[in-house]
Number of protein chains: 6
Amino acid sequence: MGENWLRKPEWFWNPSEGEPDFVHQWVRPLEQGEGEPDLILFGAPISRSSISVSGASLYPQEFRKMWKSYATYNLDEDLDLTPFHVADAGDVAMHTTNISESHKRIQESCAYLSRQYPETALCMIGGDHSTTACAVRGIKETFPEETIGILQLDTHLDVRDPAELGPANGTPIRQLIDGGVVKGDNVYNIGLHGYFNARPLISYAKEKRIRMVTLKQAREKGVPAAVNEAIDRLSEKAGIIYVTVDMDVLDITQAPGVPASTPGGMTTTELFGALMEIGKREEVRYIDFVCLDPTKDSAVSETVKAGVYAWMQFVTGRVMGSGKG
Amino acid sequence: MGENWLRKPEWFWNPSEGEPDFVHQWVRPLEQGEGEPDLILFGAPISRSSISVSGASLYPQEFRKMWKSYATYNLDEDLDLTPFHVADAGDVAMHTTNISESHKRIQESCAYLSRQYPETALCMIGGDHSTTACAVRGIKETFPEETIGILQLDTHLDVRDPAELGPANGTPIRQLIDGGVVKGDNVYNIGLHGYFNARPLISYAKEKRIRMVTLKQAREKGVPAAVNEAIDRLSEKAGIIYVTVDMDVLDITQAPGVPASTPGGMTTTELFGALMEIGKREEVRYIDFVCLDPTKDSAVSETVKAGVYAWMQFVTGRVMGSGKG
Amino acid sequence: MGENWLRKPEWFWNPSEGEPDFVHQWVRPLEQGEGEPDLILFGAPISRSSISVSGASLYPQEFRKMWKSYATYNLDEDLDLTPFHVADAGDVAMHTTNISESHKRIQESCAYLSRQYPETALCMIGGDHSTTACAVRGIKETFPEETIGILQLDTHLDVRDPAELGPANGTPIRQLIDGGVVKGDNVYNIGLHGYFNARPLISYAKEKRIRMVTLKQAREKGVPAAVNEAIDRLSEKAGIIYVTVDMDVLDITQAPGVPASTPGGMTTTELFGALMEIGKREEVRYIDFVCLDPTKDSAVSETVKAGVYAWMQFVTGRVMGSGKG
Amino acid sequence: MGENWLRKPEWFWNPSEGEPDFVHQWVRPLEQGEGEPDLILFGAPISRSSISVSGASLYPQEFRKMWKSYATYNLDEDLDLTPFHVADAGDVAMHTTNISESHKRIQESCAYLSRQYPETALCMIGGDHSTTACAVRGIKETFPEETIGILQLDTHLDVRDPAELGPANGTPIRQLIDGGVVKGDNVYNIGLHGYFNARPLISYAKEKRIRMVTLKQAREKGVPAAVNEAIDRLSEKAGIIYVTVDMDVLDITQAPGVPASTPGGMTTTELFGALMEIGKREEVRYIDFVCLDPTKDSAVSETVKAGVYAWMQFVTGRVMGSGKG
Amino acid sequence: MGENWLRKPEWFWNPSEGEPDFVHQWVRPLEQGEGEPDLILFGAPISRSSISVSGASLYPQEFRKMWKSYATYNLDEDLDLTPFHVADAGDVAMHTTNISESHKRIQESCAYLSRQYPETALCMIGGDHSTTACAVRGIKETFPEETIGILQLDTHLDVRDPAELGPANGTPIRQLIDGGVVKGDNVYNIGLHGYFNARPLISYAKEKRIRMVTLKQAREKGVPAAVNEAIDRLSEKAGIIYVTVDMDVLDITQAPGVPASTPGGMTTTELFGALMEIGKREEVRYIDFVCLDPTKDSAVSETVKAGVYAWMQFVTGRVMGSGKG
Amino acid sequence: MGENWLRKPEWFWNPSEGEPDFVHQWVRPLEQGEGEPDLILFGAPISRSSISVSGASLYPQEFRKMWKSYATYNLDEDLDLTPFHVADAGDVAMHTTNISESHKRIQESCAYLSRQYPETALCMIGGDHSTTACAVRGIKETFPEETIGILQLDTHLDVRDPAELGPANGTPIRQLIDGGVVKGDNVYNIGLHGYFNARPLISYAKEKRIRMVTLKQAREKGVPAAVNEAIDRLSEKAGIIYVTVDMDVLDITQAPGVPASTPGGMTTTELFGALMEIGKREEVRYIDFVCLDPTKDSAVSETVKAGVYAWMQFVTGRVMGSGKG
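Residues numbered from 1 in each chain as written. Chains lettered and ligands numbered in written order. Predicted model: local features only at pLDDT ≥ 70, side-chain atom pairs only at ≥ 80, totals over all residues. Heavy atoms only, no water.

Just to check I follow, could you spell out the interface of chain B and chain A for this structure?
Residue-level contacts link 31 residues of chain B with 23 residues of chain A. Buried surface at the junction of chain B and chain A, summed over both partners, amounts to about 2,100 Å²; 59% is from carbon and sulfur atoms. When the buried area of chain B at its contact with chain A is split by residue, B:Y73, B:L75 and B:D76 rank highest and sum to 30% of it. A salt bridge links A:R199 to B:E19; the shortest N-O distance between them is 3.5 Å. (Contact = heavy atoms within 4.5 Å. Buried area = accessible area lost by both parts, 1.4 Å probe. Salt bridge = Lys/Arg side-chain N within 4 Å of Asp/Glu carboxyl O.)

What follows is the structure, encoded as structure tokens:
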């Protein structure tokens, strides 16, 4: 159990010598036996489990390419990020056609990392949203006694029925609830809006007492505040808080590269603010970013750029929280 | 008079059996003799009357295709829409090259529907903005004694001179004022801004006492409130209120598929809020959505998606107003 | 065995009344108990078995949409196609995440059709190339005693190892050879060129005596003649000839919507000529068209249009061969 | 009769002083009373008469912009074009919404030019194909006694019924035949192929004895030779030969900016060769280029570039024929 | 010194006769000896000095083309702009490959204009940001005794080291500070945010006491107010205030045509508001707009449209400030 | 003299262990002191010397990325390429803004390589066409006594005047002729056609006796044969033959990613055939590929793919000529 399926990415930036002024110079490959970094990230490059055609499997690769355009200094907070240690564990090796096998490998790799690096924050870069169910199960494997709470930023509930679809990208939250890994009332979903969840799914969510916070409600107090409040509530009940950021929570005009994004969604400003707050909360040790499909992005890669920015905001919060910046 | 030129769309979604969880399962073709639905929609697929090249004639078709992505539940309002009865009357059959004939058919079809279904809300999906003049004339034909007020959400005044251009898309409001169908001071235009109306048009509008509410002014009280206020004023003077939504009122970054949209325009959030308010007002029984050109839309169809969302907001307001949800 | 998983497309053209002057008016849904049509087509909408991200699963749908632009008259041959009876059996219902199950359903549906309609030509619209292995196995199920020969128009050998990849789109020919369904020397591949088959695959092909005809060799006698010659050879040895057209055989400048197409490939003129010859040969009763990904097509849909044209050429040949035109 | 509706383009290249090394320096505005140039061109910027949405009305403008990239020397023929005098008469002023009026203006302008400049070759840049009927009628107005023959390079017959569609772009040849302006057997159509003419149109063409030369037939002798042969035949019967080049005759992969272009069409090499031959024939004094829609062109404007090249080939032939180069 | 390298644009709109209702009818070429206009604009069409590939050299041309869509009336302020006199001095003639020579020409032309028209507001349309250093040096040449203050709206500091890069687009502010033309604490940069300035640049900025106002800080009081405050501070210390608008200050979703724009940037609403305030301040006599690359713009030209709108807002402010509207 | 400015690419594929079945596994970095490889390639990533905006500087990077899709086996020739040793010397380090300095570095690096590896074939990947002049001068530096002949595949003569433009991409052949490095009658240009060379350039070429072979002339005997004949002629007169492939020689429909490509150009089939012949000729030891701008390429990268294919054909010829395959 907990086999490590992580492999190096298929290409690298040529390592430069001087100071790590840009992210690709700062993030280092995770090396065996080097002690615990502050943050480990890894890719879960699968999207053939997506109901619709998706190239989200290519996001980990594009995410790392875009790094090169990001400096290691947060100017808003006047904060140098480089004292914080981020390690890149590579990507989970996927099976070409066996989706269940691929999902198992994500789960095992996540179990492995959470066991080996219990003090380290863990960040998974998807892939489609099916990966979240795998990751959470992997963590549960490592910490079977802990109660897990989920903060989900999403336009959708993702509680479609795996009995019908198998472990597809529309089902992760239901997989976890029906599988007894997480309780419905330990799931907070912020970002719901409009007409993108069919009636039976809403019935399920109500029945399982999923905490639905619409974007309209969150905006009343401010999205960052709403997020903090949700973490407050979760931390009263759960020893482990897992945050899943389905990038389709963003408005379609700001995230054209997320096929399921919609009109009426969250702005990047709101999401960036929320992620810095999330980063500051030491209760949050697991986070993922999913469903960004670089093949659908605009010509100027605005969505991938927003994806990296979002991650940087989480890291900034982390650095601030850790006092390392 | 009032001949019915409406024809079935050229293609259909395969009717599914179960519950109407998505819009394409919920909206039904208008059948003869079935009593009055709550809302009838029909398409006016013409854009060869547009001054610039336009594919807005294709919008009714794309609007119906996109339906399939929209659920019949409004999560913001926790509201099931399905008790409300929406019927699709199809599209007005257009002449290929005779624009006047096509316009006449829109007018007649609108006269027919407003006469046959006097209690039903009527929604026209354009087509370019020339269709509005036809629709209003059709309603006037049915209710010759009524005073008609117009609430126009638009970046432009659309009062160019039909003597010069014929019944083109820049002229509908002037056609109606000069034709004695509507009085200038019964026209409220909300959304005007910037540099998109030439000096002679502004002179005309001032002379005719068109109520120009700039976007800047509307934002001071909030666009939904400004819209409500305009309806209040109109309902004091007019027995019939017609709302025309020129989608070019939206900012160009949110509506790339509307060729005449501009920088500095309304946000989708503002428009969606306004449309729910409009829907709630029972005084409003006629509405159109015009000038959305799907051939210009972005690769992810963000404008068509916003168009359907906008319509859904009107319907949501309607359902709330009717107490049917 | 041989369960019928075929379902109606989700969408259809509004049936018009008059004469079938365009393809969408001519092709009829396959109805139970109507006797044998001249040709049955069905879709196999799967591409999550593709090694790279692919939207080829959407091709059957787009193929049927594009029909509407094609007349039922071949002007080159001065031939009316309408006396020939083409029936549309719909699409095989796919499982969302279980690729093996989906493959089994294609196989069973193909077994069903080939058993129910033994005199009818059968045409499968993919989907990725993994579907070919399923279809051929389904035919073998119906005719276990028959020797099957394959004529493959392809840039690739598609003999990658299923032991490594599972039943992915790079493996169908190897699945069939290693599975004992087809013998290597009963496979003719026409269209190979350039640098798109790695050394181990060529070794395998040589070992199994696959008949590799490079595009350069085929051009020496003309592609249509080369195709006829291959069918001559196959018909000496095989009772059943299955033709698989991987659209990536086309040059990338003529088929941008086939992700695996390459420079140096076949021209549409060559392919169209070959397909008319293939259609004329009554020995050929099974054909598929695979790997066309409409999501990658150019703005003017040139690849989908070429795909329909290619199919029409096969049908034209068929009509000529049958004397029905 | 024959009013001159020609107006200067809205936009022009800053005239440079030196030698006319590029086309925009060489072509001069047509000035009153300057004698007869060798060639006059003018634009007919209408496409709202097109059955499908079309931006072909923008082609005259884009055509003139692209001039700047073309030198005044034909390297293949080692020929300096500048001794030949080309004048630009501007564009016919169109009515915004009255299509009949616009058509009348094209007809009158063409009558005007053909009467004023009887020795000059006249070249119309469309616009959609409806303009051809206007131009030919205008010439007939000037030369009522002459028999007019038409050489049409086209994928379509363009004999749809004006009784049904009005004077739309699918109807010009039928307008002329039914209107008694041209006889069916004086129309040669070269370039027909595939599945793009419905059965009733072919019946009409056969009944009227239109000379249909399929692309396949033309290729047997070479397209330039086929074109020459058609002109030979026409010149036996007709005093005036009008050539209409519907750019949709080109293969879709070479002319993505012509919405009606198809797979299996003519190559640019064939068209360019044919146009040089046409240019050489002094019997041909009238030519048009229609149906190129710059709004659909590829990012690198390959179709507009091909359009200018095609025109240059006609001019080259003209220069060679005139002995002026 | 101060040679005038300005040349007419390579094309122009056909001058219409009537009233100047649109910008292209209103802005006139700068003529020798006509007295001082209220505003002169000129283009600096260079971008080969850009670190990354850039087509910003094409912006002056596209800027003038887009003029035609803008009316000369500001509806928000109910203000007729035409009494204000705007002259177009054309573009600085660039050397094809000698970047230093091109930069010198910009400097000299700017010196020439500022000397010849000391009362006139001067507006440079770039080109990349290297042009700002040239322009400021040119003004310094004319007014060697004056202290120059810079208000920079930018996502970047643009203080990379010219010793390493030469006079590239990342260096202008450093060129001016190190060259003694401007003092660091007379530079206000508003719009900085996120992760787009590497640590050594921030160290340099702090050392030179550049006034860094992050977008977050500016938003606390409102961007227009923050801009006014910066001008207040600058006008206490500097006799000349130069405003440079790097269009990359805009959020990437609103300015896809600015390659260096980023997520988290300024909205067009904020920028438009700021520019009207800037226009009102008579202390500001020099302004530039740089780094907009039309070749990267979206299909609907949203960035070029925003660029013209931004300039119009500055002009509106100017008209209001001058009392001429 | 002859300083080595070559640096590793900024990016590399993760080296895999097994056999070199794909090009990225086969081509090795050039290591000091390893003896002479069969072929060395290096990048000259400059395009700010281009007259028009160009991203050809990015081609070396994209060329290496695309390698991964190419196998090391030529199926047409049934030839394993791996025994042939190809080394990658990296890219010449460019100055950001000093074009002359950058050109000098290319020259020096080319001098260095040609001196250090006199037996090795040298292949430069541009960059724009200005790089050719640098490379040839570098070779001349190493072999001052040798006569150099040039075979140029190009749509243009590239003899614009450096006195006017500096060392821009339109001038390399003239730089070499006027600089006395190469004689005009030792330059063969194959691929000229149409209207893309202005009259003064043709006069210059005739005066200098450049051997102009139009594409039309080359096609009479076949492009590969024409190329062989030119090499025959050159080898009679010159000890060194340098081949420069301006990718704009290709037809625009096959090379949209070459901004200067035109209608009427060479097909990829012709170019690929020619390059294999060139590769076979041991007299040719220097070759470059220039002017491919990946930022202009189509969505499916058809031009970059053609660029790699073209290079592979040269290598194939080389392997055949060397007897190493």
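What's the story with the relation of the copies chain B and chain A in this structure? I'm lost.
To go from the first copy of the chain to the second, apply a rotation about an axis and then a shift along the same axis. Mapping chain B onto chain A leaves a residual RMSD of 0.0 Å; the transformation is a rotation of 120 degrees accompanied by 0.0 Å of translation along its axis. Taken together, the turn and the small shift mark the pair as related by a three-fold rotation axis. Residues of chain B ranked by C-alpha distance from the rotation axis are headed by B:T253, positioned 4.1 Å from it. (Least-squares fit on C-alpha atoms with pLDDT ≥ 70 in both.)

What am I meant to see in the interface of chain C and chain A here?
You'll often see interface size given as the accessible area lost when the parts meet. With 18 residues of chain C in contact, the opposing surface of chain A contributes 18 residues. Each partner contributes to the roughly 1,200 Å² buried at the junction of chain C and chain A, and carbon and sulfur atoms together form 59% of this total. Of all residues in chain C, C:R48, C:V53 and C:T97 give up the largest surface area on contact with chain A, accounting jointly for 45% of the area buried on that side. The interface formed by chain C and chain A includes zero salt bridges. Put simply, chain C and chain A have seven residue pairs in polar contact (both at pLDDT 80 or more) between them. (Polar contact = N/O pair within 3.5 Å; in protein donor to acceptor, adjacent residues only side chain to side chain.)

Can you help me understand the packing of aromatic side chains in this one?
Given two aromatic rings, their pairing is described by the distance between the two centres and the angle made by the two planes. Under the counting rule described, the total for this entry stands at 64 aromatic pairs over all chains. Taking 4.2 Å as the distance between ring centres and 15 degrees as the angle between the ring planes, the aromatic pair formed by A:F272 and A:Y309 counts as stacked. In this pair, A:F272 sits in helix α10 (residues 268-280) while A:Y309 sits in helix α11 (residues 302-322), placing the two residues 37 residues apart along the sequence. Like A:Y309, A:F272 is buried. Aromatic ring contacts, followed pair by pair, group A:Y70, A:F272, A:Y309, E:Y195 and E:F196 into a single cluster. For the cation-ring pair, C:R174 lies above C:Y204, with the distance from its terminal atom to the ring centre recorded as 4.2 Å. Here the basic side chain of E:R105 rests over the ring of E:W5, its NZ or CZ set 4.1 Å away from the ring centre. (Phe/Tyr/Trp six-rings, centres within 6.5 Å; stacked < 30°, edge-to-face > 60°. Helix = DSSP H or I, 4+ residues; strand = E, 2+ residues; numbered from the N terminus. Buried < 20%, exposed > 50% of the residue type's maximum accessible area, 1.4 Å probe, protein only. Lys NZ or Arg CZ within 6 Å of the ring centre and 35° of its normal.)

What exactly am I supposed to notice about the packing of helix α9 (residues 223-237) of chain C against helix α10 (residues 268-280) of chain C here?
In a packed pair of helices, the relevant descriptors are the angle between the two axes and the axis-to-axis distance. Residues and elements named next belong to chain C. Running from amino to carboxyl end, α9 crosses α10 at an angle of 35 degrees, the nearest separation of the two axes being 8 Å. In this structure, the crossing between α9 and α10 has a hand that is right-handed. On α10, the residues that touch V223, P224, V227, N228 and I231 of α9 are E270, G273, A274, E277 and I278. The class makeup of the residues in the contact of α9 with α10 is six nonpolar, two polar and two charged. (Axes fitted to C-alpha atoms, helices over the stretch in contact; angles between N-to-C directions. Left-handed = near helix turned anticlockwise from the far one by under 90°. Nonpolar A, V, L, I, M, F, W, Y, C, P; charged D, E, K, R; others polar.)

Mind showing me how you'd approach the packing of helix α2 (residues 59-66) of chain F against helix α11 (residues 302-322) of chain F here?
Residues and elements named next belong to chain F. Viewed as axis vectors pointing N to C, α2 and α11 meet at an angle of 75 degrees, and their least axial separation amounts to 9 Å. The orientation of α2 with respect to α11, classified from their angle, is roughly perpendicular. Here α2 contributes Y59, E62, F63 and M66 to the contact with α11, which in turn contributes V304, K305, G307, V308 and W311. The residue makeup of the contact of α2 with α11, split by class, is six nonpolar, one polar and two charged. (Parallel < 35°, antiparallel > 145°, perpendicular 65-115°, else oblique.)

Just to check I follow, could you spell out the pattern of salt bridges for this structure?
Opposite charge on two side chains lets them pair, provided their charged atoms get close. Counted under the stated rule, the structure contains 138 salt bridges over all chains. Of the charged contacts in the structure, one is a salt bridge between B:E10 and C:K68, with a shortest N-O distance of 3.1 Å. Within this pair, whereas B:E10 is found in the loop between β1 (6-7) and β2 (11-13), its partner C:K68 is found in the loop between α2 (59-66) and β5 (73-74), the two belonging to separate chains. When its relative accessible area of 34% is taken as the criterion, B:E10 is described as partly exposed. Residue classification places C:K68 among the partly exposed residues on the basis of a relative accessible area of 29%. Where F:D38 meets F:K324, a salt bridge forms, and the shortest distance between an N and an O atom there is 2.7 Å. Within this pair, whereas F:D38 is found in the loop between β3 (28-29) and β4 (39-44), its partner F:K324 is found in the segment after α11, the two being separated by 286 residues in sequence.

Can you walk me through unusual backbone geometry in this structure?
Most peptide bonds take the trans form, and the phi angle of most residues other than glycine is negative. Going from C:G126 to C:G127, the amide bond is cis rather than trans, its omega being 10 degrees. By the element assignment, C:G127 lies in the loop between β8 (121-126) and α4 (130-142). Despite not being glycine, B:R209 has its phi angle at roughly 65 degrees, a positive value. You can see B:R209 is positioned in the loop between α7 (199-208) and β11 (211-214). Positive phi is not limited to glycine here, since E:D158 has a value of about 55 degrees.

Explain the UniProt feature "binding site: Mn(2+)" (unreviewed entry) in chain A to me, please; I cannot follow it from the model alone.
All names here are of chain A. Under the feature "binding site: Mn(2+)" (unreviewed entry), the UniProt entry names H129, D154, H156, D158, D246 and D248. Across 120 residues of sequence, these annotated residues stay compact in space, with a maximum C-alpha separation of 11.6 Å. Mapping H156 onto the fold places it in the loop between β9 (148-153) and α5 (162-165). Apart from the residues lying within four places of it in its own chain, the contact partners of H156 are N189, L192, F196, N197, D248 and A260. Within the secondary structure, D248 is located in the loop between β12 (240-246) and α10. Leave out the neighbours within four places in its chain, and D248 touches D154, T155, H156, V258, A260, S261 and T262. (UniProt positions renumbered as here; feature names shortened; annotations may be inferred.)

So what exactly am I meant to see when it comes to the relation of the copies chain C and chain A here?
With an RMSD of 0.0 Å, the operation that places chain C on chain A is a rotation of 180 degrees combined with a shift of 0.0 Å along the axis. The transformation just described matches what one would write down for a two-fold rotation axis. Minimal C-alpha separation from the rotation axis in chain C is found for C:R48, amounting to 2.6 Å. An overlap of 100% is found between the interface residues of chain C and their copies at the interface of chain A, pointing to a shared contact surface.

Quick question: what am I supposed to make of the environment of F:Y117 here?
Residue and element names in this part refer to chain F. Along the chain, Y117 turns up in the loop between α3 (99-116) and β8 (121-126). On the accessibility criterion, Y117 (7% relative accessible area) is buried. In the structure, Y117 is positioned 78 residues away from L39 in sequence and 9.5 Å away in space, judged by C-alpha atoms. Once you skip the residues sitting within four places of it in the chain, Y117 turns out to touch L30, E31, G35, E36, P37 and I40.

I would appreciate a short explanation of the state of the cysteines in the present structure.
What is meant by a disulfide is a covalent connection between two cysteines, made through their sulfur atoms. Residues and elements named next belong to chain E. A complete count under the given rule lists zero disulfides over all chains for this structure. Free of any disulfide, C134 has its nearest neighbouring cysteine sulfur in C110, separated by 9.1 Å. For C134, a relative accessible area of 1% corresponds to the buried category. (Disulfide = S-S within 2.5 Å.)

Would you take a moment to explain the confidence of the model for chain A for this structure?
Reading fine detail from the predicted coordinates is not recommended where pLDDT is low. Confidence in the prediction of chain A, expressed as mean pLDDT, is 96, and 99% of residues score 70 or more. Two summary scores accompany this predicted model of the complex, namely pTM at 0.97 and ipTM at 0.96. (pLDDT = per-residue confidence, 0-100.)

Can you walk me through helix α7 (residues 199-207) of chain D in this structure?
Each full turn of the α-helix corresponds to 3.6 residues, which orients residues three or four apart in the same direction. Three or more residues of α7(D) are buried, namely D:R199, D:L201, D:I202, D:Y204 and D:A205. At its buried positions, α7(D) is contacted by β5 and β6 (79-80) of chain C together with α6 (172-178) and β11 (211-214) of chain D. One or two positions beyond α7(D), positive phi appears at D:R209, with a value near 60 degrees.

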